[in-house]
Amino acid sequence: TRLFSSVLQDGEQVVMQWRNSLFDLPVTEVFEARQGTLVLDAITFADPGGAPPPEVTKADVDDLYHTGGPSPPAD
């Protein structure tokens, strides 16, 4: 299934919004065009209580993408 098709310049972004079926929460992913590929640059999992979503470091993105859970509290 094709979700997106476009010609992008390096640095241009694509935003994908979807609903996590496990947690029933909206998710926003931001991809950036870099040398002919789309690189996941940011991801936001909505807070069910309506609070602003916590900041997530790039190091945490891989784990959050696979588990769908919230990030650990900032130190």
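What you see is a predicted model; the values in this text were computed from it and never measured.

Rules of the game
- Residues numbered from 1 in each chain as written.
- Predicted model: local features only at pLDDT ≥ 70, side-chain atom pairs only at ≥ 80, totals over all residues.
- Heavy atoms only, no water.
- Pairing = 2+ DSSP bridges.
- Helix = DSSP H or I, 4+ residues; strand = E, 2+ residues; numbered from the N terminus.
- Axes fitted to C-alpha atoms, helices over the stretch in contact; angles between N-to-C directions.
- Buried < 20%, exposed > 50% of the residue type's maximum accessible area, 1.4 Å probe, protein only.
- Polar contact = N/O pair within 3.5 Å; in protein donor to acceptor, adjacent residues only side chain to side chain.
- Contact = heavy atoms within 4.5 Å.

## Some remarks on the sheet that holds strand 1 (residues 13–20)
Next up, step 1: Read from one edge to the other, the open sheet built from three strands follows the order 1-2-3, with strand pairing classed as antiparallel. Either end of the sheet is taken by a strand with one partner, and the two such strands are strand 1 and strand 3 (37–45). Neighbour to neighbour, the strand axes of the sheet diverge by 25° on average, direction disregarded.
Next up, step 2: Note that strand 2 (residues 25–34) and strand 3 share eight bridges and pair antiparallel. Within the sheet, the bridge partner assigned to Val30 lies in strand 3 and is Ala42.

## A look at the pairing of strand 2
Next up, step 1: Counting buried positions along strand 2 yields seven of ten residues, so the element is predominantly enclosed.
Next up, step 2: As paired strands, strand 1 and strand 2 are joined by eight bridges and run antiparallel to one another. If you follow Gln17 over to strand 2, its bridge partner there is Thr28.
Next up, step 3: From the end of strand 1 to the start of strand 2, which pair antiparallel, there are four residues, and Asp24 there has a positive phi angle of about 55°.
Next up, step 4: From the end of strand 2 to the start of strand 3, which pair antiparallel, there are two residues, and Gln35 there has a positive phi angle of about 50°.

## A short note on unusual backbone geometry
Next up, step 1: Phi at Gln35 takes a positive value of approximately 50°, unusual for a residue other than glycine.
Next up, step 2: With respect to the secondary-structure elements, Gln35 resides in the loop between strand 2 and strand 3.

## Structural notes on the side chain of Asn20
Next up, step 1: Structurally, Asn20 is set in strand 1.
Next up, step 2: A polar contact is formed between the side chain of Asn20 and the backbone nitrogen of Leu22, at a distance of 2.8 Å.

## Description of the environment of Val27
Next up, step 1: For Val27, the position within the fold is in strand 2.
Next up, step 2: Val27 gets classed as buried once you look at its relative accessible area, which sits at 1%.
Next up, step 3: In this structure, the C-alpha to C-alpha distance between Val27 and Ala46, residues 19 residues apart in sequence, is 6.2 Å.
Next up, step 4: Setting aside residues no more than four positions away along its own chain, Val27 makes contact with Met16, Gln17, Trp18, Asn20, Ile43, Thr44 and Phe45.

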